[in-house]
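Chain residues, written in single-letter form:
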Amino acid sequence: MRRILVTGAGGFIGGHLVQRLAADGDWVRGADIAEPAYRPSPADEFLTLDLRDPENCRKALAGGFDEVYQLAADMGGMEFISAAECEIMRNSVLINANMAEAAAAAGVGRYFFSSSVCVYRDMAPSEAALAEDGAYPARPHNEYGWEKLYSERLLSAYARRRGLEARIGRFENCYGPYGTWRGGREKAPAAIARKIAELAGDGAIEVFGGGRTVRTFVYVADLVEAVVTLTRSAETRPANIGTDERVEIAELVRIIAGIAGKRVDITAVDGPLGVASRHFSHERIRALGWTPRYDLAAGLAETYPWIAEQVARCRSARPPIG
Ligand code: NAD
């Protein structure tokens, strides 16, 4: 039986990862600054800890671990990323620096870090796929990407100098049930699903820029499988984790509307658009034997009903007017 620590276990991907790891019968400790928002954690033990504090990182790692998955971050969609630059750069760097130091001192077997394709520059929609080396020369589009790139380099230094067995996954846009779906930190798939669920019938939803930007998405069950595969592999270089299915955000609206059974038009509004396009090579992660099982339509068919249920629950919980 392995001893496994998941930090950020109260969050969206961390919650799914704990479930995936616990299903193997390994002993899993979850740690997070907050309890899970939507369902109890299946972890054997869950510690509420602010991991910006070095002492709390040592507490999280107490007892020794075969594997550590570091997913704690001050995190959100484009709206949050464009506004909370100071919080992201300060909080996530503190978490990553203090966790790396504590993990190296504790001599953990493997250490996974959740990076992002935000480490890459903006791309034109017609550009060929970028492989991992394309992160340099570095020109991330936003401060979230610079923090991730810095933390990747921090871990590489700990790997070279302190023997930390680090693994780095660069996540593409991840979606699925049990993730943030309202409040300003939600990402595009959840925000669009919520807006469509809120329509009483056919109608229109507001989308930043009318949905012309191009993205790739990965369903959360596929992503956590890739994370475990990468962590247990000998691959020490960063690996992109995502799919080859490139869509405009407007196409995402069309697919979700189809699942909801509604006719949905898009009203273009001003807002933070992020990069124009994304297109990445997945040769490195696929060489480890991983392949995604869900295409976008299948993953969204798992996601939309959960978000529609949350919307309905909130609606019925509202006090009557008057
Ligand atoms: P999330 O916000 O749902 O989970 C992050 C968790 O970190 C939260 O539960 C939060 O409470 C916790 N956290 C924040 N500050 C903390 C602190 N000081 N101490 C302890 N815990 C703290 O986000 P997610 O979507 O599950 O993302 C997980 C990881 O994957 C993050 O590193 C994120 O940057 C990365 N990532 C996610 C995506 C995506 O599409 N969701 C894409 C690229 C990278």
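These numbers come from a predicted model, not from an experiment.

## Considerations on the pattern of salt bridges
Oppositely charged side chains are able to pair whenever their charged atoms sit close together. Using the criterion set out here, one finds 22 salt bridges in the structure. Across the pair Asp-26 and Arg-232 runs a salt bridge, and its minimum N-O distance is 4.0 Å. On the criterion of sequence distance, the pair formed by Asp-26 in the loop between α1 (12-22) and β2 (27-32) and Arg-232 in the loop between α7 (220-231) and β10 (239-241) is long-range, its members being 206 residues apart. The class for Asp-26 is buried, based on a relative accessible area of 8%.

## Brief notes about the site of the ligand
The full set close to the ligand counts 26 residues, and Phe-12, Ile-13, Asp-32, Tyr-144 and Cys-174 are the nearest of them. In the environment of the ligand, a nitrogen atom lies 3.1 Å from a nitrogen or oxygen atom belonging to the backbone of Ile-33. Residue Lys-148 places a side-chain N or O atom 2.8 Å away from an oxygen atom belonging to the ligand. Contact with the protein chains removes 91% of the 820 Å² of surface that the ligand exposes when unbound. Among the secondary structure elements, those contributing two or more residues to the shell around the ligand are α1, β5 (110-116), α5 (143-162) and β7 (173-175).

## Quick look at the packing of helix α2 (residues 54-61) against helix α4 (residues 85-106)
Viewed as axis vectors pointing N to C, α2 and α4 meet at an angle of 45°, and their least axial separation amounts to 9 Å. Judged by the angle between their axes, α2 and α4 are oblique. Handedness of the crossing formed by α2 with α4: right-handed. Contacts from Pro-54, Cys-57, Arg-58 and Leu-61 of α2 reach α4 at Asn-98, Met-99, Ala-102, Ala-103 and Ala-106. The residue makeup of the contact of α2 with α4, split by class, is seven nonpolar, one polar and one charged.

Rules of the game
Residues numbered from 1 in each chain as written. Predicted model: local features only at pLDDT ≥ 70, side-chain atom pairs only at ≥ 80, totals over all residues. Heavy atoms only, no water. Salt bridge = Lys/Arg side-chain N within 4 Å of Asp/Glu carboxyl O. Helix = DSSP H or I, 4+ residues; strand = E, 2+ residues; numbered from the N terminus. Buried < 20%, exposed > 50% of the residue type's maximum accessible area, 1.4 Å probe, protein only. Near = heavy atom within 4 Å. Polar contact = N/O pair within 3.5 Å; in protein donor to acceptor, adjacent residues only side chain to side chain. Areas by Shrake-Rupley, 256 points an atom, 1.4 Å probe, with all protein chains shown as cover. Axes fitted to C-alpha atoms, helices over the stretch in contact; angles between N-to-C directions. Parallel < 35°, antiparallel > 145°, perpendicular 65-115°, else oblique. Left-handed = near helix turned anticlockwise from the far one by under 90°. Contact = heavy atoms within 4.5 Å. Nonpolar A, V, L, I, M, F, W, Y, C, P; charged D, E, K, R; others polar.

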